[in-house]
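Results of the structural survey
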Amino acid sequence: MGRIKTIVFDLGGVIITLDQSQAVRRFEELGLKDANERLNAYTQEGIFGELENGLITAEQFRTELSAMVGREVTMEECNYAWQGYAKDVPMRNLEAVTRLRQQGYRVLLLSNTNPCMMAWVNSDRFDGQGNPVSAYFDACYLSYEMKLMKPSEEIFRQLMMKEQIAPSEILFVDDGPRNVATASQLGMRTFCPENGADWTDEIYNYLTD
């Protein structure tokens, strides 16, 4: 293995703790009766997947969702429902990311996400201290901007190409087993903590040979 130079973090389940049931409840409140079937912890389908894949805009999503529930849904309601996925943002995680950067690692975010979620994540409301998520990372790679989603190999290849880095120099941290499997097949070192677990000490086990 090469020496790890870059650490790539997933957002939901690693940096922020996810609560899928809260997101389901919020979409149900909007009138989406089968929200539980439509929303997934790791990867979305239908208009939810299309939004995260960058195939439709937030406005197109709002229009489609309005048609599904039979009433006009506002963009604020869409944002509120999507942001239900966020249970909390443990400060220990952000402090760990900051520490890793100070220790000389390049720290990246690679997330299957969408503009409704990022309206909060990349705002000054994100960490409760006036900073967006981008303040903590050297670069953010987002599915809807790249028009690719994990666990496709292509999203990883594009990140490596942009970063000009070999897979053996990357530690990929994600709570999704399928995402970790793809990264591992491409030659990255991987760490798969459970959603909400405190990984801040254990990560160092993966940074030393």
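Here, every reference points to the structure presented above.
Below, the structure is looked at part by part. What you are looking at is a predicted structure, and each value in this text was computed from that prediction instead of being measured.

Here we take up the packing of helix 1 (residues 20-29) against helix 5 (residues 75-82). Between helix 1 and helix 5, whose axes approach to 8 Å, the crossing angle comes to 155°. In this view, helix 1 runs roughly antiparallel relative to helix 5, as classed from their interaxial angle. In contact with Ala 23, Arg 26, Phe 27 and Glu 29 of helix 1, helix 5 contributes Tyr 80, Ala 81 and Trp 82. For the contact of helix 1 with helix 5, the per-class residue count stands at five nonpolar, no polar and two charged.

Turning our attention to the side chain of Gln 44. Mapped onto the secondary structure, Gln 44 falls in the loop between helix 2 (35-38) and helix 3 (46-52). Overall, the relative accessible area of 8% leaves Gln 44 in the buried class. A polar contact of 2.9 Å, which involves the side chain of Gln 44, links it to the side chain of Tyr 85. With residues near it in sequence (within four places) discarded, Gln 44 still touches Arg 38, Leu 39, Gly 49, Glu 52, Trp 82, Tyr 85 and Met 149.

The next point concerns the packing of aromatic side chains. As enumerated under the stated definition, the model contains eleven aromatic pairs in all. Here the aromatic residues Phe 27, Phe 48, Phe 61, Trp 82 and Tyr 85 are joined through ring pairs into a cluster of three or more. Over the aromatic face of Tyr 80 sits the side chain of Arg 26, whose NZ or CZ is 3.9 Å from the ring centroid.

Summed over all chains, the structure comprises eleven salt bridges. The residue Arg 38 makes a salt bridge to Asp 34 at a minimum N-O spacing of 3.0 Å. Assessed through its relative accessible area of 31%, Arg 38 is described here as partly exposed. Accessibility expressed as a relative area gives 28% for Asp 34, which makes it partly exposed. Within the structure, one salt-bridge network assembled from shared partners comprises Asp 10, Lys 150 and Asp 174.

Let us look at the sheet that holds strand 6 (residues 170-173). The strand order across the open sheet built from five strands is 5-4-1-6-7, with neighbouring strands paired in parallel fashion. With partners counted over all chains shown, the strands left at the sheet margins are strand 5 (139-142) and strand 7 (189-191), one partner each. Neighbouring strand axes in the sheet, compared pairwise and without regard to direction, differ in orientation by 20° on average. Bridge analysis of strand 1 (residues 6-9) against strand 6 gives four bridges, and the strand direction is parallel. Bridge pairing in strand 6 places Ile 7 opposite Leu 171.

Let us look at helix 9 (residues 153-163). Turning to helix 9, its buried residues are Ile 155, Phe 156, Leu 159, Met 160 and Glu 163. The buried residues of helix 9 all sit within an arc of 135° when viewed along its axis, so they share a single face. More than 90 degrees from the buried face of helix 9, the exposed residues found are Met 161 and Lys 162. Where helix 9 is buried, its residues contact strand 1, strand 4 (106-111), strand 5, helix 8 (143-146), strand 6 and helix 10 (177-185). At the C-terminal side of helix 9, Gln 164 shows a positive phi close to 55°.

Definitions and limits used
Residues numbered from 1 in each chain as written. Predicted model: local features only at pLDDT ≥ 70, side-chain atom pairs only at ≥ 80, totals over all residues. Heavy atoms only, no water. Axes fitted to C-alpha atoms, helices over the stretch in contact; angles between N-to-C directions. Helix = DSSP H or I, 4+ residues; strand = E, 2+ residues; numbered from the N terminus. Parallel < 35°, antiparallel > 145°, perpendicular 65-115°, else oblique. Contact = heavy atoms within 4.5 Å. Nonpolar A, V, L, I, M, F, W, Y, C, P; charged D, E, K, R; others polar. Buried < 20%, exposed > 50% of the residue type's maximum accessible area, 1.4 Å probe, protein only. Polar contact = N/O pair within 3.5 Å; in protein donor to acceptor, adjacent residues only side chain to side chain. Phe/Tyr/Trp six-rings, centres within 6.5 Å; stacked < 30°, edge-to-face > 60°. Lys NZ or Arg CZ within 6 Å of the ring centre and 35° of its normal. Salt bridge = Lys/Arg side-chain N within 4 Å of Asp/Glu carboxyl O. Pairing = 2+ DSSP bridges. Arc of directions from axis to C-beta.

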